[in-house]
Amino acid sequence: MRCRSVGVALASGFALFVITAISQEMQPAQTGANPTAEQRAAATRVFLGLGRPPDKAAAQRAVPVYQQSCAFCHGPQARGATGPGLITSDIVLGDDHGEVLVPFLKAGRPEKGMPAFSRLADPQLTDLAEFLHQQVEDVANRGAYQVQNIVVGDAVKGQAYVAANCMTCHNTTSFAHIASKYRSPDQLQRNWIWPTRPADNSLSVSATVKIANGPTLSGRVTQVSDFRITLVDNDGKTHVIERGPGVAVQIKDPLAPHQALVMTLRNEDMHNVTAYLETLK
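Not measured: the values here are computed from a predicted model.

Reading guide: rules and limits
- Residues numbered from 1 in each chain as written.
- Predicted model: local features only at pLDDT ≥ 70, side-chain atom pairs only at ≥ 80, totals over all residues.
- Heavy atoms only, no water.
- Helix = DSSP H or I, 4+ residues; strand = E, 2+ residues; numbered from the N terminus.
- Buried < 20%, exposed > 50% of the residue type's maximum accessible area, 1.4 Å probe, protein only.
- Expected span 1.5 Å × (residues − 1).
- Salt bridge = Lys/Arg side-chain N within 4 Å of Asp/Glu carboxyl O.
- Contact = heavy atoms within 4.5 Å.

> Could you clarify how one ought to interpret unusual backbone geometry in this entry?
Negative phi characterises most residues that are not glycine, and trans characterises most peptide bonds. Even without being glycine, Asn 201 reaches a positive phi, approximately 65°. Considering the arrangement of structural elements, one finds Asn 201 in the loop between helix 10 (185-193) and strand 1 (206-211). Exposure remark for Asn 201: the relative accessible area of 32% places this residue in the partly exposed category. At Asn 213, a position not held by glycine, the phi torsion is positive, near 60°. Given the relative accessible area of 89%, Asn 213 is considered exposed.

Given below as structure tokens:
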């Protein structure tokens with residue numbers, strides 16, 4: 001069964017999840033930092049609980065039938081017209097292979113103005129079910145979105161921005177390396193603004209904790225809150241320290257400049273820097 005929560009996610013415009021605790025114990029996604037479009041779509045489908053991918057060939061076969069019999073009421077992409085949209089329909093989301101939709105379409109809902117489609121053969125109705133699942137996929141699976149050309153900035157202005165804001169930590173060689181790592185401009189833009197923390201922990205958050213009348217501990221932060229901090233030291237030993245009087249915590253985040261950057265970065269500067277980095281590939 002396709003996850004009913006998809007309807008909630010669509011209705012809310014995909015809620016933005018803000019993770020307040022630092023979690024560096026999580027392994028990088030299997031797709032890596034530079035996935036193909038197919039890998040990105042598959043990973044997003046799993047994350048959102050969309051179920052199996054729709055049968056694109058079957059969905060395409062259903063287009064003429066849907067446009068002739070259904071589009072005038074539910075819209076050409078099942079997003080609603082004179083009748084309701086079907087993207088968030090419980091009946092559509094509760095179906096996998098037509099086992100729910102086929103009998104529903106055969107019977108219709110005459111009391112609500114929906115005719116029965118008993119004249120259509122079961123394979124045609126199954127194709128219609130796949131068409132509807134494809135419409136859900138097209139809306140819900142943002143990993144499958146086709147990103148258009150985003151290289152619309154001024155590379156010269158982007159170079160000037162980099163020179164003024166980024167060269168304290170980076171140099172020309174490192175920027176060329178960043179540019180060559182990502183196959184598409186949208187991946188490049190996303191990762192120069194907020195780099196992925198690599199598995200080798202080279203960009204991990206670290207901390208030094210000084211305990212009054214006790215030891216000073218240093219290590220990689222795996223969890224932090226107002227009440228406690230968890231460190232893994234160089235020997236791999238985990239330390240959980242309660243934060244209270246007499247405990248001084250100094251945190252160092254290599255990506256702190258990027259966090260500050262996000263708060264002030266203008267769209268124009270973002271596009272200009274991306275255009276500049278594209279010239280370094």
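> Could you clarify how one ought to interpret helix 7 (residues 122-140) in this entry?
Each full turn of the α-helix corresponds to 3.6 residues, which orients residues three or four apart in the same direction. Here helix 7 contains 19 residues, and its C-alpha end-to-end distance of 27 Å stays within 8% of the 27 Å for a straight helix at 1.5 Å per residue. Burial analysis of helix 7 places 14 of its 19 residues in the buried class, which makes it a mostly covered element.

> Just checking my understanding: could you explain the pattern of salt bridges for this structure?
In the structure shown here, the tally under the stated rule is ten salt bridges. Across the salt bridge formed by Lys 281 and Glu 278, the nearest N and O atoms sit 2.7 Å from each other. Given the relative accessible area of 44%, Lys 281 is considered partly exposed. Linked by salt bridges that have partners in common, Arg 266, Glu 268 and Asp 269 make up one network.

> What am I meant to see in helix 12 (residues 267-278) here?
With twelve residues, helix 12 extends 17 Å from end C-alpha to end C-alpha; this agrees with the ideal 16 Å at 1.5 Å per step. Buried residues along helix 12 sit against helix 8 (155-165), helix 9 (172-181) and helix 10.

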